[in-house]
Amino acid sequence: MFPSLPSETAIALVGDMNTRGYGVAENCISPEALASLRRHVQDSVSQTGGEYIAFGGPDALRGTFLQEMARSANFQALCRDLYRIGTQKSAPPVSFYQLLRCLAGKTGQQNAWFFHYDSYVLTVLVPILIPTEGQPGDLILFPNTRPIRKTYLGNLIDKILLDNALTQFLLRKGVQTGRVKPEKIRMTPGNVYFFWGCRSVHTNEPCDPDKIRATALFHYVDPHAHSWLRKTLLRLRNRQPLMTPVEAGIKIPQPA
Ligand SMILES: O=C(O)CCC(=O)C(=O)O
Ligand SMILES: [Fe+2]
């Protein structure tokens, strides 16, 4: 499933994540697992007529290797260790937020060059299908550009500064002209890549529209999961009441 890696490996990975910006665990995904995921990706993309498709959350990945990997004790132990060594705190008992992204076609090209911070401390990236000809769709990473924000408000201010047309344009032009020099990571299927997603501005380049670039992501530990401000903003956005009856202390009469 996922190999058991010695504790020195976790220490070395965190060292790389803190200095170079990312760590690589080589040959952790078996050729058989890659082959079955690739079949799943190819089938899904052909069902969309060769366009972008993403699967998010546990239900969408049921029955795939990615679900098994999230349940693997070795993989969970590694992520817990990376979190503990990197943050000097033990990880809360949470599961992964999982994603499988398949870039293809015109819509695949649109799902590129969006610079962002992840909401989660640790990002694990598993390349599944990376084009070997034309544009491979490299991972672009500005390592550790901020600390883990203590409050959700701090996080939100960073997001507003980054997630606007001007900043996005300047970053993209900067990278394309070579004026700013991020880490450009050409990923090799079989390897697994680790970085501090909530601390590092990152994005992916597009791949050619006639190719497929598929990556699986495991996002681990949202530091603001319990933020009042975050919950309130989410409710406003979803047009839900600001407090549930329980939070407001209202007892709902039960039918007799
Ligand atoms: O697919 C990739 O290379 C990166 C995707 C990413 O950063 C994300 O989904 O948060
Ligand atoms: Fe991300």
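Our subject is the structure that appears above.
Some thoughts on the side chain of Thr 203
Argument step 1. The topology assignment puts Thr 203 in strand β8 (residues 201-204).
Argument step 2. A distance of 3.3 Å separates a polar side-chain atom of Thr 203 from the backbone nitrogen of Trp 113.
Argument step 3. Once you skip the residues sitting within four places of it in the chain, Thr 203 turns out to touch Ala 112, Trp 113, Phe 114, Phe 115, Asp 138, Leu 139 and Ile 140.

Re the site of ligand 1
Argument step 1. Residues in contact with ligand 1, as listed here, are Leu 99, Arg 101, His 116, Asp 118, Leu 125, Leu 139, His 202, Asn 204, Arg 213, Thr 215, Leu 217 and His 219.
Argument step 2. In this structure, an oxygen atom belonging to ligand 1 sits 3.2 Å away from a side-chain N or O atom of His 116.
Argument step 3. Summarising the interface, the protein chains cover 94% of the accessible area of ligand 1, which totals 290 Å² for the free molecule.
Argument step 4. Mapped onto the shell around ligand 1, the elements with two or more residues apiece are β3 (97-103), β8 and β9 (213-220).
Argument step 5. It is β9 that contributes the most residues to the shell around ligand 1, four residues altogether.
Argument step 6. Looking at the shell around ligand 1 residue by residue, the class counts come to four nonpolar, five polar and three charged.

Some words on helix α8 (residues 165-177)
Helical geometry: 3.6 residues make up each α-helical turn, so side chains three or four residues apart lie on a common side.
Argument step 1. Here α8 contains 13 residues, and its C-alpha end-to-end distance of 18 Å stays within 8% of the 18 Å for a straight helix at 1.5 Å per residue.
Argument step 2. Among the residues of α8, Gln 168, Leu 171, Gly 174 and Val 175 are the ones counted as buried. Mapping the buried residues of α8 onto a view down its axis gives an arc of 135°, with all of them on the same face. Among the exposed residues of α8, those pointing more than 90 degrees away from its buried face are Ala 165, Leu 166 and Leu 170.
Argument step 3. Packing partners of the buried residues in α8 comprise β5 (139-142), α7 (152-162) and β8.
Argument step 4. Measuring from the backbone nitrogen of Leu 166 back to the side-chain oxygen at the start of α8 gives 3.2 Å, which picks out Asn 164 as the cap.
Argument step 5. Positive backbone phi, at 85°, marks Gly 178, one or two positions downstream of α8.

Remarks on the coordination of the iron ion (ligand 2)
Argument step 1. Coordination of the iron ion (ligand 2) by the protein comes from His 116 (NE2), Asp 118 (OD) and His 202 (NE2), over a distance range of 2.1 to 2.2 Å.
Argument step 2. Counting the intervening residues between successive donors of the iron ion (ligand 2) yields the motif H-x1-D-x83-H. With His 116 in the loop between α6 (105-110) and β4 (122-129) and His 202 in strand β8, this residue pair connects regions lying 86 residues apart in the sequence.
Argument step 3. A relative accessible area of 22% places His 116 in the partly exposed class.

Observations concerning the packing of α7 against helix α9 (residues 228-237)
Argument step 1. Where α7 meets α9, the closest approach of the two axes is 8 Å, and the angle between their N-to-C directions is 55°. Here α7 is positioned oblique relative to α9, judged by the angle of their axes. Residue-level contacts link Tyr 152, Leu 153 and Leu 156 of α7 to Leu 229, Arg 230 and Leu 233 of α9.
Argument step 2. Split by residue class, the contact of α7 with α9 holds five nonpolar, no polar and one charged.

Regarding the pairing of β4
Argument step 1. Buried residues dominate β4, accounting for eight of its eight residues.
Argument step 2. Relative to strand β7 (residues 192-196), β4 runs antiparallel, the two sharing four bridges. Among the inter-strand pairings, Val 124 is bridged to a residue of β7, identified as Phe 194.
Argument step 3. When β4 meets β9, the two strands line up antiparallel, connected through seven bridges. Paired with Leu 122 across the bridge in β9 is Tyr 220.

Here is what the cut-offs are and how they apply
Residues numbered from 1 in each chain as written. Chains lettered and ligands numbered in written order. Predicted model: local features only at pLDDT ≥ 70, side-chain atom pairs only at ≥ 80, totals over all residues. Heavy atoms only, no water. Helix = DSSP H or I, 4+ residues; strand = E, 2+ residues; numbered from the N terminus. Polar contact = N/O pair within 3.5 Å; in protein donor to acceptor, adjacent residues only side chain to side chain. Contact = heavy atoms within 4.5 Å. Near = heavy atom within 4 Å. Areas by Shrake-Rupley, 256 points an atom, 1.4 Å probe, with all protein chains shown as cover. Nonpolar A, V, L, I, M, F, W, Y, C, P; charged D, E, K, R; others polar. Expected span 1.5 Å × (residues − 1). Buried < 20%, exposed > 50% of the residue type's maximum accessible area, 1.4 Å probe, protein only. Arc of directions from axis to C-beta. Donors = N, O, S within 2.8 Å, 3.2 Å for Na, K, Ca; no water. Axes fitted to C-alpha atoms, helices over the stretch in contact; angles between N-to-C directions. Parallel < 35°, antiparallel > 145°, perpendicular 65-115°, else oblique. Pairing = 2+ DSSP bridges.

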